[in-house]
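Commentary on secondary and tertiary structure
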Amino acid sequence: MLILNKCRVMSTPKTGSKWVEQACLNSIEGAFALGDAKYHSTLQELEVDLPAIAFVRHPLQWFPSYWNHRMWNGWDDDSRIDASCKSNDFGTFMTAVLERFPGWLTKEMVKYVGTVEAPAEFIGRHESLQADLITGLKFLNEDFDEEKLLGTPVTNTGNYEAFPAVWTDALKESVCDSEQELIQRFYNR
């Protein structure tokens, strides 16, 4: 999590959080990271009395990013989803996730963005990351250097050529059905 002067920014997995962190550190005087740099803290874990900015990512983009990351960096056997669903084949991985953990991503995202009843004060989308970060910072009256923020280079991107996630229409539909709560809340499917 990043602590800024007037708000905090959640480090939500696979939503561009490494870029968001670097962009904020580059553009906001006094910003600092709280907690372990590799660890993604949830809204409830660290008691910080500041409004929060968080990000989501559409499941059809989030899962390929997650799988790609695991293919590149290895599986984490301490993770329930990794331990029981890992596969070198994206379709096999997704089928296992859908069978064993339906709605898993929706439940995970709630940890970072909050519930419908108690959400983060600003929730942006990975798909419009730069613009939404700027909007969120302005919404929460955070002072920042927009030029420096926009000048922050992209970081931590996947190698989708080496590890392409191949979707079938049926698999896409199954994921959208399984994660319909997340999609309806943030993407109005």
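Reference entry: report on the structure contained in this document. Model, not experiment: these values are computed from the prediction.

1. Some words on the pattern of salt bridges
A full pass over the atoms with the stated rule returns five salt bridges. Residue E146 is joined to K138 by a salt bridge in which the shortest nitrogen-to-oxygen separation is 3.5 Å. Relative accessible area serves as the criterion here: at 31%, E146 is assigned to the partly exposed category.

2. Focus on the packing of aromatic side chains
Taken as a whole and assessed by the stated rule, the structure comprises eleven aromatic pairs. An angle of 70° between the planes, with centres 5.5 Å apart, marks the rings of W67 and F90 as edge-to-face. On the criterion of sequence distance, the pair formed by W67 in helix α2 (residues 59-73) and F90 in helix α4 (residues 90-100) is long-range, its members being 23 residues apart. Relative accessible area serves as the criterion here: at 2%, W67 is assigned to the buried category. Ring geometry for W72 and F163: centres 5.9 Å apart, planes at 75°, overall edge-to-face. You can see W72 sitting in helix α2 and its partner F163 sitting in the loop between α7 (146-150) and α8 (169-178), a full 91 residues away along the chain.

3. So, the pairing of strand β4 (residues 52-56)
By the criterion of burial, β4 is predominantly enclosed, with five of the five residues buried. Here β4 shows two buried faces, one formed by A52, A54 and V56 and the other by I53 and F55. Pairing of strand β2 (residues 8-9) with β4, which is carried by two bridges, proceeds in the parallel orientation. Directly across from V9, in β4, lies its bridge partner I53. As paired elements, β4 and strand β5 (residues 122-125) share four bridges and run parallel to each other. Its bridge partner being in β5, A54 is matched across the sheet by I123.

4. A look at the packing of helix α1 (residues 17-27) against helix α6 (residues 129-139)
As a packed pair, α1 and α6 sit with axes 11 Å apart at the nearest point and diverge in direction by 50°. The orientation of α1 with respect to α6, classified from their angle, is oblique. The two elements α1 and α6 cross, and the hand of that crossing is right-handed. The residues of α6 that touch α1, namely those facing W19, V20, A23 and C24, are L129, Q130 and L133. Residue classes in the contact of α1 with α6 are distributed as six nonpolar, one polar and no charged.

5. Regarding the nonpolar core
Membership of the largest hydrophobic core comes to 35 residues, with the highest contact counts inside it found for F63, F90 and F93. Listing elements by their share of this core, those giving two or more residues are β4, α2, α3 (80-85), α4, α5 (104-113), α8 and α9 (180-186). By size, the runner-up hydrophobic cluster in this structure holds 20 residues, among which are L2, W19, I28 and I134.

Each value, and the rule that gives it
Residues numbered from 1 in each chain as written. Predicted model: local features only at pLDDT ≥ 70, side-chain atom pairs only at ≥ 80, totals over all residues. Heavy atoms only, no water. Salt bridge = Lys/Arg side-chain N within 4 Å of Asp/Glu carboxyl O. Buried < 20%, exposed > 50% of the residue type's maximum accessible area, 1.4 Å probe, protein only. Phe/Tyr/Trp six-rings, centres within 6.5 Å; stacked < 30°, edge-to-face > 60°. Helix = DSSP H or I, 4+ residues; strand = E, 2+ residues; numbered from the N terminus. Pairing = 2+ DSSP bridges. Axes fitted to C-alpha atoms, helices over the stretch in contact; angles between N-to-C directions. Parallel < 35°, antiparallel > 145°, perpendicular 65-115°, else oblique. Left-handed = near helix turned anticlockwise from the far one by under 90°. Contact = heavy atoms within 4.5 Å. Nonpolar A, V, L, I, M, F, W, Y, C, P; charged D, E, K, R; others polar. Core = buried A, V, L, I, M, F, W, Y, C linked by side-chain atoms within 4.5 Å.

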